[in-house]
Amino acid sequence: TRLVSDWSSDVCSSDLLSDYLFLNEQELAVVGELLRIPASLRLNIAELGNGILSLLPVQVLVVKRGPAGVIVATQRETFSLSAMPVQEIRDPTGAGDALAGGMLGALRRIPSDRDADLRKLAHEGLRCAALAIAEFGVAGLLRSPPLAG
């Protein structure tokens, strides 16, 4: 884990080595500007994501879109998944963190090829995000069993 303190130099640096980069839509737009991706490409989230993947040493870009779900992009594919339905949103705080934690936790538990399982990982992240917003704090996450590997 690395704290990025200065976006203009840290994110654009080639020493940022990470397999996964999690950004919300606003962060994605800022990174696109910092990397000087043409404005015409920044209008489309998928094209902007592909531009970022071509410029940063990142294998998987995950765009957290709140109630709209998630977009996952690699050099080979880009796909989106809708957020999971929740009866009542009690506390949206930490939903994006729960999504990232769910995906990375599932990555650890699923021992097969990463690319083949990105949809499973994203689905687990969305499940964790839904659990997180359905209760206050971490109560919803603590009551749910993890994804079976």
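Residues numbered from 1 in each chain as written. Predicted model: local features only at pLDDT ≥ 70, side-chain atom pairs only at ≥ 80, totals over all residues. Heavy atoms only, no water.

A. Summary view of the overall build of the chain. Each helix and strand in the chain was counted, giving 7 helices and 4 strands. In the chain, the succession of α and β elements from N to C terminus is α-β-α-α-α-β-β-β-α-α-α. At a minimum sequence separation of 6, the contacts of the chain that also span at least 24 residues come to 54%. Counting only carbon and sulfur atoms, one obtains 54% of the accessible surface of the chain, whose full area is about 8,600 Å². (Helix = DSSP H or I, 4+ residues; strand = E, 2+ residues; numbered from the N terminus. Contact = heavy atoms within 4.5 Å. Areas by Shrake-Rupley, 256 points an atom, 1.4 Å probe, with all protein chains shown as cover.)

B. Summary view of helix 4 (residues 45–55). Burial in helix 4 covers these residues: Leu 48, Gly 49, Gly 51, Ile 52 and Leu 53. Buried positions along helix 4 lie against strand 1 (18–24), helix 2 (25–34), helix 3 (39–42), strand 2 (58–64) and strand 3 (70–73). (Buried < 20%, exposed > 50% of the residue type's maximum accessible area, 1.4 Å probe, protein only.)

C. Quick peek at the packing of helix 2 against helix 4. Relative orientation of the contacting elements helix 2 and helix 4 amounts to 50 degrees, with a least axis distance of 10 Å. Viewed along their axes, helix 2 and helix 4 adopt a mutual orientation that is oblique. Read as a crossing pair, helix 2 and helix 4 show a hand that is left-handed. Of the residues in helix 4, those in contact with Glu 25, Leu 28, Ala 29, Val 31 and Gly 32 of helix 2 are Ile 45, Leu 48 and Ile 52. In terms of residue class, the contact of helix 2 with helix 4 is built from 6 nonpolar, 1 polar and 1 charged. (Axes fitted to C-alpha atoms, helices over the stretch in contact; angles between N-to-C directions. Parallel < 35°, antiparallel > 145°, perpendicular 65-115°, else oblique. Left-handed = near helix turned anticlockwise from the far one by under 90°. Nonpolar A, V, L, I, M, F, W, Y, C, P; charged D, E, K, R; others polar.)

D. Molecular detail of the pairing of strand 3. Neither face of strand 3 is left uncovered, since the one carrying Val 70 and Val 72 and the one carrying Ile 71 and Ala 73 both have all their residues buried. Joining the antiparallel neighbours strand 2 and strand 3 is a turn of 5 residues, in which Gly 66 adopts a positive phi near 60 degrees. Pairing between strand 3 and strand 4 (residues 78–81): 4 bridges, direction antiparallel. When the bridges of strand 4 are listed, Ile 71 appears paired with Ser 80. (Pairing = 2+ DSSP bridges.)

E. The arrangement of the sheet that holds strand 2 in detail. The 4 strands lie next to each other as 1-2-3-4, forming an open sheet whose pairing is mixed. What marks the edges here is a single partner per strand, and that holds for strand 1 and strand 4. Between one strand axis and the next, the sheet turns through 15 degrees on average, direction left out of account. Note that strand 1 and strand 2 share 6 bridges and pair parallel.

F. Layout of the layout of surface pockets. Estimated volume of the second largest pocket: approximately 430 Å³. Taken together, 20 residues form the lining of the second largest pocket, with Arg 65, Gly 66, Pro 67, Ala 95 and Ile 133 sitting closest to its centre. Of all the secondary-structure elements, those providing two or more residues to the lining of the second largest pocket are helix 2, helix 5 (95–109) and helix 6 (118–134). In the lining of the second largest pocket, the residues fall into 12 nonpolar, 5 polar and 3 charged. (1 Å grid on protein atoms, 1.4 Å probe; cavity = no way out; pocket = protein on both sides within 12 Å on 5 of 7 lines; lining within 4 Å. Points joined across faces, edges and corners; volume = space filled by probe spheres on them.)

G. Representation of the packing of aromatic side chains in the model. Considering all chains together, one arrives at 1 aromatic pair under this definition. Ring geometry for Tyr 20 against Phe 22: centres 6.2 Å apart, planes inclined by 15 degrees, an arrangement best described as stacked. A single burial state applies to Tyr 20 and to Phe 22, both of which are buried. (Phe/Tyr/Trp six-rings, centres within 6.5 Å; stacked < 30°, edge-to-face > 60°.)

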